[in-house]
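These are the residues of each chain, in order.
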Amino acid sequence: MNWDDESAPVTTTGDGDRLVKAAADGDDRAVEAALRPKDLGEFVGQERVREQLDLVLKAARARGATADHVLLSGAPGLGKTTLSMIIAAEMGAPIRITSGPAIQHAGDLAAILSSLTEGEVLFLDEIHRMSRPAEEMLYMAMEDFRVDVIVGKGPGATAIPLELPPFTLVGATTRAGLLPPPLRDRFGFTGHMEFYAPVELQRVIHRSARLLDVEIEEAGAAEIAGRSRGTPRIANRLLRRVRDYAQVKADGVVTQEIAAQALQVYEVDARGLDRLDRAVLGALLKLFGGGPVGLSTLAVAVGEERETVEEVAEPFLVREGLLARTPRGRVATPAAWAHLGLTPPGQGPTGPGQQGLFDR
Ligand SMILES: Nc1ncnc2c1ncn2[C@@H]1O[C@H](COP(=O)(O)OP(=O)(O)OP(=O)(O)O)[C@@H](O)[C@H]1O
Ligand SMILES: [Mg+2]
């Protein structure tokens, strides 16, 4: 099997070395291979996707057939790549890994497709970023296991039909909405990955701790799980940083207290917000009375690019119900005031608020 040639994802946002970002960095990739569950039984959570996928794979195996094409959608770090490898392992099939951005021309795809062996799993990461001509070639390959290879150029060009062995395409995307319907429709099964519950992350953390030879208490795992933003990749990363702290500052055992202390050092708070998240929220509350305030103004107030605030900090704040995006600007929710331990204007001893003053 080909476990190692996963192409590096292209980072489009400036979230640099944040500990709570969901995208993988070099440090993650080095350990991720070791921490990846190898079969469905080891894969934590995602009950529905797991159960459905289990049926799809078992049925295919019973028929002695190649499994249907599978589309996996969900936020970064939830286990799409992991699941694609599990699909291949469960089918006893080799896996070929590539990604949408790596396929610039239809010819690139033709070369990959024509070299597949029967039953092989082709994992196409970031499938929404494939080029148009490649996409169209893929339609035919998925449906009829056939491609037309164009030979020559201009008026003399001819299409040579090429039969492909049956294969299973596993497509992964963080943006299922961006997939053209004809492509989406050609997948026999679509699994949507959800954010993980804290108890599930706790299981992920225990499992990783065992593999990394880290001694961890139940409450220590719970502490890390609560700050991991529903994302196994972040849970694993926080675990590694907490391990460092436990080794240097204590006897290496991760207790609840050690985990909390460590994550305070790394500025990841009890809800998983980091410094940038809190800066955005703090500015919104303290400078703009909770909003509404325009995105650009908010970005200037925290000394960040507009895109960084919008793409890096806001999605999680919105998901947590701390911030709302309204047509008039960004607005803090009552939960935001409570989280930062502040009193909303007009409700406390600090007097009337500035609501509306800094509109846009
Ligand atoms: N259900 C799970 N159980 C245990 N570990 C998991 C699970 N899901 C993901 N992980 C771990 O989280 C890390 C990230 O998972 P993975 O690389 O599969 O995410 P991804 O969805 O492909 O992310 P991206 O969108 O960035 O490619 C891996 O180290 C993997 O071991
Ligand atoms: Mg991946």
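Computed from a prediction, not measured in an experiment: that's the story for all the values here. Residue positions are given per chain, counted from 1 along the sequence in the order it is written. As a convention, the first chain written is A and the first ligand written is 1, with the rest following in written order. Totals for whole chains, interfaces and linings use every residue, but because this is a predicted model, local features are given only for residues with pLDDT of at least 70 and side-chain atom pairs only at 80 or more, for both listing and counting. With hydrogens and water set aside, each side-chain value is computed from the structure's full complement of heavy atoms.

1. Overview of the sheet that holds strand 3 (residues 121–125)
Alright, step 1. Strand order in the open sheet formed by five strands is 2-3-6-1-7, and the pairing between neighbours is parallel. On the outer flanks of this sheet lie strand 2 (95–99) and strand 7 (189–192), each paired with one strand and no other. Across this sheet, the average inter-strand angle for adjacent strands is 15°, counted without regard to direction.
Alright, step 2. Strands are labelled as partners when DSSP assigns at least two bridges between them. Secondary structure follows DSSP: runs of H or I at least 4 residues long count as helices, runs of E at least 2 residues long count as strands, and numbering of each begins at the N terminus. Direction of pairing for strand 2 relative to strand 3: parallel, over a ladder of five bridges. The residue of strand 3 that forms the bridge with Ile 97 is Phe 123.
Alright, step 3. Contacting strand 1 (70–73), strand 2, strand 3 and strand 6 (168–173), helix 3 (residues 80–91) runs over the sheet at an angle of about 175° to strand 3. Convention adopted: a line fitted to C-alpha atoms gives each axis, helices being fitted over their contacting stretch, and angles between N-to-C directions are expressed from 0 to 180 degrees. Here, two residues are considered to be in contact whenever any of their heavy atoms come within 4.5 Å of each other.

2. A short note on the packing of helix 8 (residues 218–226) against helix 10 (residues 256–265)
Alright, step 1. Where helix 8 meets helix 10, the axes come as close as 7 Å, and the angle between the chain directions of the two elements is 30°. Considering the angle they form, helix 8 stands roughly parallel to helix 10. Only Gln 256, Ala 259, Ala 260 and Leu 263 of helix 10 make contact with helix 8, whose side of the interface consists of Ala 219, Gly 220, Glu 223 and Ile 224.
Alright, step 2. Classification used: nonpolar for Ala, Val, Leu, Ile, Met, Phe, Trp, Tyr, Cys and Pro, charged for Asp, Glu, Lys and Arg, polar for all others including Gly. A class-by-class count of the residues in the contact of helix 8 with helix 10 yields five nonpolar, two polar and one charged. For classification, angles of less than 35 degrees are called roughly parallel, those exceeding 145 degrees roughly antiparallel, those between 65 and 115 degrees roughly perpendicular, and all remaining angles oblique.

3. Describing the environment of Gln 46
Alright, step 1. By secondary structure assignment, the location of Gln 46 is in the loop between helix 1 (26–35) and helix 2 (47–63).
Alright, step 2. Judged by relative accessible area, which is 8%, Gln 46 ranks as buried.
Alright, step 3. Separated by 146 residues in the primary sequence, Gln 46 and His 192 have C-alpha atoms spaced 8.9 Å apart.
Alright, step 4. Among residues more than four places away in sequence, those in contact with Gln 46 are Leu 78, His 192, Met 193, Glu 194, Tyr 196 and Glu 200. Exposure classes here rest on a 1.4 Å probe applied to the protein chains alone. A residue is buried below 20% of its type maximum, exposed above 50%, and partly exposed in between.

4. Some words on unusual backbone geometry
Alright, step 1. Between Gly 291 and Pro 292 the backbone carries a cis peptide bond, its omega angle lying at 5°.
Alright, step 2. Mapped onto the elements, Pro 292 comes out in the loop between helix 11 (275–286) and helix 12 (295–302).
Alright, step 3. Although it is not a glycine, Glu 126 adopts a positive phi angle of roughly 50°.
Alright, step 4. One can find Glu 126 in the loop between strand 3 and helix 5 (132–144).
Alright, step 5. Unlike most non-glycine residues, Arg 229 shows phi in positive territory, near 55°.
Alright, step 6. On the secondary structure map, Arg 229 appears in the loop between helix 8 and helix 9 (232–249).
Alright, step 7. Arg 229 gets classed as buried once you look at its relative accessible area, which sits at 8%.

5. Considering the pattern of salt bridges
Alright, step 1. A pair is scored as a salt bridge if a Lys or Arg side-chain nitrogen falls within 4 Å of a carboxyl oxygen belonging to Asp or Glu. Taken as a whole and judged by the stated rule, the model has 29 salt bridges.
Alright, step 2. Notably, a salt bridge pairs Arg 233 with Glu 32, separated by 2.6 Å at the nearest N-O pair. With a gap of 201 residues between them, Arg 233 in helix 9 and Glu 32 in helix 1 connect regions that are remote in the sequence.
Alright, step 3. A residue is classified by how much of its surface remains accessible, and Arg 233, at 15% relative accessible area, is buried.
Alright, step 4. Of the residues examined, Glu 32 reaches a relative accessible area of 13% and is grouped as buried.
Alright, step 5. Residue Glu 143 pairs with Arg 186 through a salt bridge whose shortest N-O separation is 3.5 Å. You can see Glu 143 sitting in helix 5 and its partner Arg 186 sitting in the loop between helix 6 (181–184) and strand 7, a full 43 residues away along the chain.
Alright, step 6. Salt bridges linked by common partners bring Asp 27, Asp 28, Arg 237, Arg 240, Arg 241 and Asp 244 together as one network.

6. A closer look at the nonpolar core
Alright, step 1. Judged by nonpolar contacts, the single largest core of 51 residues is most densely connected at Leu 83, Ile 205, Ile 216, Ile 224 and Val 254.
Alright, step 2. For this core, the element with the highest residue contribution is helix 9, accounting for seven residues.
Alright, step 3. Counting 25 residues, the second-largest nonpolar core is a separate cluster that includes Ile 103, Leu 116, Leu 122 and Ala 134. In plain words, nonpolar cores are sets of buried Ala, Val, Leu, Ile, Met, Phe, Trp, Tyr and Cys residues tied together by side-chain atoms within 4.5 Å.

7. What to know about the confidence of the model for the protein
If pLDDT is low for a region, its predicted coordinates should not be looked at in detail.
Alright, step 1. Confidence of the predictor in every single residue is expressed as pLDDT, which spans 0 to 100. The predicted model of the protein averages 90 in pLDDT, with 92% of residues at 70 or higher.
Alright, step 2. Note on residues 1–12: pLDDT is under 50 here. Beyond four places in sequence and across chains, it has 18 contacts.
Alright, step 3. Here residues 350–360 is modelled with pLDDT under 50, and outside its nearest four sequence neighbours on either side it reaches 27 contacts, counting other chains as well.

8. Some points on the site of ligand 1
Alright, step 1. Close contacts around ligand 1 come from 19 residues, with Arg 36, Val 44, Lys 80, Thr 82 and Arg 233 the closest.
Alright, step 2. Note that an oxygen atom of ligand 1 is positioned 2.8 Å from one of the side-chain N or O atoms of Arg 233.
Alright, step 3. Accessible areas in this description were obtained via Shrake-Rupley with a 1.4 Å probe; residue shielding takes into account the shown protein chains only. The fraction of the free accessible surface of ligand 1 (630 Å²) that becomes covered by protein chains is 96%.
Alright, step 4. When contributions to the shell around ligand 1 are tallied by element, the ones reaching two or more residues are helix 1, helix 3 and helix 9.
Alright, step 5. For the shell around ligand 1, a count of residues per class yields nine nonpolar, six polar and four charged. In this text, near means that some heavy atom of the residue lies within 4 Å of the molecule or strand in question. Polar contact is the term for a pair of N or O atoms within 3.5 Å; when the atoms are in protein, one must be able to donate a hydrogen and the other to accept it, and sequence-neighboring residues count only if both atoms are side-chain atoms.

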